[in-house]
Amino acid sequence: MANHFNNKVVWITGASSGIGEALAYALSAAGAKLILSSRRLPELERVKQGCSVPGQVQLLPLDLSDTDSLQDKTIEAIKCFGGIDIMVHNGGVTQRSLVIDTEIEVHRRLMELDYFSYVVLTKALLPHFIEKRAGHFVVTSSVMGKIGTPMRSAYAAAKHALHGFFDCLRAEVTADNIKVTILTPGYIRTNISLYAVTNKPYGLGKPSENIENGLPADRAAKQIMKAIKGGKFEAYVGKFSSERIGLWLNRLLPSVLTRIAPRLVPK
Ligand SMILES: NC(=O)c1ccc[n+]([C@@H]2O[C@H](COP(=O)([O-])OP(=O)(O)OC[C@H]3O[C@@H](n4cnc5c(N)ncnc54)[C@H](OP(=O)(O)O)[C@@H]3O)[C@@H](O)[C@H]2O)c1
């Protein structure tokens with residue numbers, strides 16, 4: 001594992017918490033040079049100090065919702081170590097509200113953060129990858145990027161959109177030696193549900209039981225690194241559990257999934 005990532009420059013968004021944080025620790029231990037991004041600089045600093053080689057970690061705070069700023073942030077990121085080998089698109093938020101209760105503004109906000117920011121960053125970085133005829137986009141989608149269950153329409157729509165965009169990109173750039181790996185995590189134990197956007201202004205504000213029982217983030221990071229190293233087109237990340245069965249049902253017996261999905265609405 002160490003050889004594949006040794007001296008590689010990896011830019012991770014959403015690196016201040018959860019999956020991105022765990023990935024930062026695992027990649028640093030494997031010898032990678034890191035650029036860590038999210039909004040909260042003190043949290044990024046904490047993650048940097050937790051890395052095996054803090055001297056090989058640069059911090060680049062950014063707000064993914066501020067898409068106008070992302071072209072300049074990409075130029076800054078490339079300058080950090082003189083190039084980028086792997087871009088991990090990972091920052092984002094989830095959502096919990098029924099369609100009937102969800103303001104259109106929430107749908108737009110989720111698309112802007114969980115979809116358009118990834119597109120803008122990718123388009124900004126792509127010329128760099130094409131020029132050096134190498135690069136790897138790693139995209140944290142979700143099981144919700146493949147299936148639909150209640151309470152997640154805005155989130156699932158943004159995650160489904162990622163598959164359309166990045167599958168097309170892969171078909172365009174494979175000849176340039178550029179790889180695209182889309183991750184479809186199930187439940188991973190992180191803070192994601194605390195900040196879930198709801199029909200109320202300030203989000204869910206409490207942990208979800210499913211997330212609390214999810215795969216620990218450090219184990220998710222190991223699965224992700226295996227998928228990156230293997231150059232997988234798409235990789236499930238998580239426990240062998242209901243989410244994985246949901247993916248199979250969606251492919252083989254979608255009507256069964258639709259019938260059981262309403263039972264998944266949290267009380
Ligand atoms: N946990 C799960 O069960 C699960 C399952 C499937 C998919 N995922 C996906 O995994 C990714 C990481 O989530 P996580 O579970 O690790 O959750 P998390 O612990 O809440 O981490 C989310 C990260 O996104 C960053 N972020 C949020 N809004 C941002 C913004 N406007 N600009 C820049 N950064 C922003 C946060 O940093 P700041 O607050 O510092 O900005 C944080 O670093 C997400 O794309 C999520 O959809 C998670």
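Residues numbered from 1 in each chain as written. Predicted model: local features only at pLDDT ≥ 70, side-chain atom pairs only at ≥ 80, totals over all residues. Heavy atoms only, no water.

**Some thoughts on a positive patch on the surface**
On the surface, a cluster of positive charge is contributed by Arg189, Arg219, Lys222 and Lys239. Looking at the secondary structure, you find Arg219 in helix H8 (residues 217-229). (Patch = residues over 30% accessible without salt bridge, like charges linked within 9 Å, V, L, I, M, F, W, Y side chains within 5 Å. Areas by Shrake-Rupley, 256 points an atom, 1.4 Å probe, with all protein chains shown as cover. Salt bridge = Lys/Arg side-chain N within 4 Å of Asp/Glu carboxyl O. Lys, Arg positive; Asp, Glu negative; His and termini not counted. Charge placed at Lys NZ, Arg CZ, Asp CG, Glu CD. Helix = DSSP H or I, 4+ residues; strand = E, 2+ residues; numbered from the N terminus.)

**Remarks on unusual backbone geometry**
Although it is not a glycine, Arg133 adopts a positive phi angle of roughly 50°. The backbone phi angle of Asn177 is positive, close to 65°, even though this residue is not glycine. Mapping Asn177 onto the fold places it in the loop between helix H6 (153-173) and strand S6 (178-185). Since its relative accessible area comes to 43%, Asn177 is described here as partly exposed. (Buried < 20%, exposed > 50% of the residue type's maximum accessible area, 1.4 Å probe, protein only.)

**Topic: the side chain of Asp114**
Topologically, Asp114 is positioned in helix H5 (residues 104-132). The buried charged residue Asp114 lacks any salt bridge, with Lys159 as its nearest oppositely charged partner at 5.1 Å. From its side chain, Asp114 meets the backbone nitrogen of Val93 in a polar contact 3.1 Å long. Those residues in contact with Asp114, other than ones at most four positions away along the chain, are Gly91, Gly92, Val93, Tyr155, Ala158 and Leu162. (Polar contact = N/O pair within 3.5 Å; in protein donor to acceptor, adjacent residues only side chain to side chain. Contact = heavy atoms within 4.5 Å.)

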